[in-house]
Amino acid sequence: MKKRILDLTVRAVERLSEKHVLIRLTDEQTLPEMVPGQFVEVRVDGSTSTFLRRPISINMVDREKNELWLMVAMVGDGTRKLGELKPGDKLNCLLPLGNGFSHLQPLTSHSSPLLVGGGVGVAPLLYLGAEMKKMGVEPTFLLGGRTKNDLLELDLFKRYGRVCVTTEDGSMGEKGFVTNHSVLNEKFDHIATCGPTPMMKAVARYAKQQGIYCEASLENMMACGLGACLCCVEKVKKDGTEEATNLCVCKDGPVFNVDRLLWQI
Ligand SMILES: Cc1cc2nc3c(=O)[nH]c(=O)nc-3n(C[C@H](O)[C@H](O)[C@H](O)COP(=O)(O)OP(=O)(O)OC[C@H]3O[C@@H](n4cnc5c(N)ncnc54)[C@H](O)[C@@H]3O)c2cc1C
Ligand code: FES
């Protein structure tokens, strides 16, 4: 997929919680093709400390409105600056980057996919679920947060499938971690997960025990986003072997079959 550098126009910035914003971007031209699981490297202008672009997942592509959505957790200088954007501002974006989830290809009307997200890691699962629904399959979303304030875009997720939630303090949904949720007693045939690494490891463990195909979207620190600086490498098994090799999460990922990851699960 051809990569582009575009000065997109901010159409709206919505506050989703105290530390999360949804940035809706558009362009005069039709936005390029982008698949769920891919990401954008955004340039943070006007910051004295943020020199490198910041990787942000594609949260949604609304073709009717020609909009690209980015959900941003304001954790440091760069993301806080993004949270200050105003309608009409330009945001320089390098996109689309990475490989994306492969769950859409094997879907049939009998598929029962489970999409598990935690924190801001839920971002790419909205677009994945929307594309699944377009193909006639309603996924089950299993979304977790520390408290109910960490659960984001719940109404949007409900448009595309069943939504199950957990919170660590029990303020919404079932109390505990996503891997404690009772929905896991049901049968699923594909799992996609994105969020904190301990959560993804626990999901990978569940998938392995149940013999379910599972992909995880990694969020290793990145710089170039193009496979040039090697700062995002992850040790994985070479395809079909037990031999280890290094792959760039930005170029060869961010989505990996969990069987290839050398996680101790
Ligand atoms: C493929 C990919 C997709 C991502 N998608 C999203 C998304 O949709 N929404 C979103 O809000 N964030 C996403 N992130 C994480 C986001 O890129 C970082 O939070 C951001 O780069 C931090 O920049 P900053 O300047 O605000 O923080 P900095 O000042 O650089 O760092 C602030 C704090 O955040 C931590 N941090 C920095 N980078 C990361 C990272 N990559 N992962 C975890 N912690 C980090 C630092 O260790 C530090 O504690 C994604 C990361 C990757 C690799
Ligand atoms: S971020 Fe530079 S190689 Fe991945």
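Quick summary incoming for the structure in this document. Everything numeric here is computed off the predicted structure, so don't read it as measured data.

1. Concerning the nonpolar core
- In terms of nonpolar packing, the biggest core is built from 51 residues, with Leu25, Leu68 and Leu70 touching the most fellow members.
- Tallying contributions element by element places helix α2 (residues 123–134) first for this core, with seven residues.
- Ignoring anything within four residues of it in the chain, the contact list for Leu70 reads Val21, Leu22, Ile23, Leu25, Val40, Val42, Ile56, Ser57, Asn59 and Leu91.
- Counting 33 residues, the second-largest nonpolar core is a separate cluster that includes Leu114, Met200, Tyr206 and Val236.

2. Points about the sheet that holds strand β5 (residues 60–62)
- Strand order across the open sheet formed by seven strands is β4-β3-β7-β1-β2-β6-β5, with antiparallel pairing between neighbours. Unpaired on one side and paired on the other, β4 (54–57) and β5 mark the two borders of the sheet. This sheet shows a mean twist of 40° between the axes of neighbouring strands, independent of strand direction.
- Summarising the sheet, strand β1 (residues 4–17) and strand β2 (residues 20–26) pair through seven bridges and their orientation is antiparallel. Looking across to β2, one finds that Val13 is bridged to Ile23.
- The strands touched by α2 within the sheet are β4, β5 and β6 (67–73), with β5 carrying the most contacts at an inclination of about 45°.

3. Here's the deal with the environment of His103
- Relative to the helices and strands, His103 is located in the loop between β7 (90–97) and β8 (113–118).
- We classify His103 as buried; its relative accessible area is 1%.
- Spatially, the C-alpha atom of His103 lies 8.7 Å from that of Met132, the residues being 29 residues apart in sequence.
- If near-sequence neighbours (up to four positions away) are discounted, His103 is found in contact with Met132, His190, Ile191, Ala192, Tyr213 and Glu215.

The rules we used
Residue indices follow the written sequence of each chain, beginning from 1 at its first position. Numbering of ligands from 1 and lettering of chains from A proceed in the order in which they are written. Selection of residues for local features in this predicted model requires a pLDDT of at least 70, selection of side-chain atom pairs for listing and counting requires 80 or more, and totals for whole chains, interfaces and linings are taken over all residues. Side-chain metrics rest on all non-hydrogen atoms present in the structure, leaving aside hydrogens and water. Here, nonpolar core refers to any group of buried Ala, Val, Leu, Ile, Met, Phe, Trp, Tyr and Cys residues whose side-chain atoms link them within 4.5 Å. Three labels apply to residues, based on accessible area from a 1.4 Å probe with only protein chains included: buried if under 20% of the type maximum, exposed if over 50%, partly exposed otherwise in between. Only DSSP runs of H or I with at least four residues qualify as helices, and only runs of E with at least two residues qualify as strands; both kinds are numbered from the N terminus onward. What makes two residues a contact is simply this: any of their non-hydrogen atoms within 4.5 Å. Note: two strands are recorded as paired if DSSP finds a minimum of 2 bridges between them. Angles shown run from 0 to 180 degrees and are taken between the N-to-C directions of axes, each axis being a line fitted to C-alpha atoms and, for helices, limited to the stretch in contact.

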